[in-house]
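# Fold and contact review
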Amino acid sequence: PIYEASDPYNRSRGFWHAHVGWALFRHDEVREDNVGDLRRDRLVAWQDRYFFLIGPASAYLLPTLIGWYWSGGHGGLGGFLVAGVARVALIQQVTFCINSLCHSYGRQPYTSRCSAHDNCLVALFTFGEGYHNFHHQFQADYRNGVKAWQFDPTKWCIWLLSCLGLTSRLNRTPPATILQAERDETQRKIAPRVTPRESSRQSPNS
């Protein structure tokens, strides 16, 4: 498969680089020409500007203060270690699995031209993000698990927010386009097995 060289977690550099190694190195070139709508959003811009303060405060300071308020010093320590450090470490590892496991194992029903796979096990722990092959083929779609039976709470939440008027203009790939991608990928996979048989039938020595 063709690995996405522009991705910082480029899977061709190894499993562990894709999982966590990419986060340990500085990346000077970050594309921002395709997120104009986000840059115009005041709340998103504010969060981007102060995330170095917002992150530690919400991840560690807030759980510590809540634990301390609930039961003093022991509660504060527990809030910091369990609700803070342990929670963040677990969430990070699960999130990193999208870059490593989902670029290594699973199904590729929509495209094999990239390393992304649909991994239903990862989807269970990432609220649908494990359907990564669909995401790479149809990046503008707000869904990941596009099939009705696929576990994708994130999709359901965004749809519910749209019903309440809190989100709008949700991008949906037309069903015919999705079906065509599946058919094209199926043909691409069976072509190497079909072609030798067809050629042998046409051979004069057969």
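Reading guide: rules and limits
Residues numbered from 1 in each chain as written. Predicted model: local features only at pLDDT ≥ 70, side-chain atom pairs only at ≥ 80, totals over all residues. Heavy atoms only, no water. Helix = DSSP H or I, 4+ residues; strand = E, 2+ residues; numbered from the N terminus. Buried < 20%, exposed > 50% of the residue type's maximum accessible area, 1.4 Å probe, protein only. Contact = heavy atoms within 4.5 Å. Areas by Shrake-Rupley, 256 points an atom, 1.4 Å probe, with all protein chains shown as cover. Salt bridge = Lys/Arg side-chain N within 4 Å of Asp/Glu carboxyl O. Phe/Tyr/Trp six-rings, centres within 6.5 Å; stacked < 30°, edge-to-face > 60°. Disulfide = S-S within 2.5 Å.

## Considering the overall build of the protein chain
Regarding its fold elements, the protein chain presents 8 helices and 0 strands. Out of the 206 residues belonging to the protein chain, those deemed buried represent 30%. Within the protein chain, contacts between residues separated by at least 24 positions form 50% of all contacts whose residues are at least 6 apart in sequence. When the accessible surface of the protein chain is split by element, carbon and sulfur atoms take 62% of a total near 14600 Å².

## Let's talk about the pattern of salt bridges
Considering all chains together, one arrives at 4 salt bridges under this definition. Residue Glu182 pairs with Lys147 through a salt bridge whose shortest N-O separation is 3.3 Å. Taken together, the residues Glu182 in helix H8 (residues 175-202) and Lys147 in the loop between helix H6 (132-137) and helix H7 (153-163) connect sequence positions 35 residues apart.

## Quick look at the packing of aromatic side chains
Counting across every chain of the model gives 10 aromatic pairs. The interplanar angle of 85° and the centroid separation of 5.3 Å between the aromatic rings of Phe15 and Trp16 together place this pair among those described as edge-to-face. Between Tyr60 and Phe80 the ring centres are 6.1 Å apart and the planes differ by 50°, which places this aromatic pair in the tilted class. On the accessibility criterion, Tyr60 (29% relative accessible area) is partly exposed. Feature note: the residues Tyr9, Trp22 and Phe96 constitute an aromatic cluster, connected by ring pairs.

## Focus on the environment of His74
Tracing the chain through its elements places His74 in helix H4 (residues 51-100). By relative accessible area, His74 is classed as exposed at 74%. His74 sits 10 residues away from Thr64 along the chain, and the two C-alpha atoms are 9.8 Å apart.

## Describing the state of the cysteines
Think of a disulfide as a covalent bridge from one cysteine sulfur atom to another cysteine sulfur atom. Across all of its chains, the model carries 0 disulfides by this definition. Left without a disulfide partner, Cys102 is nearest to the cysteine sulfur of Cys97, which lies 7.8 Å away.

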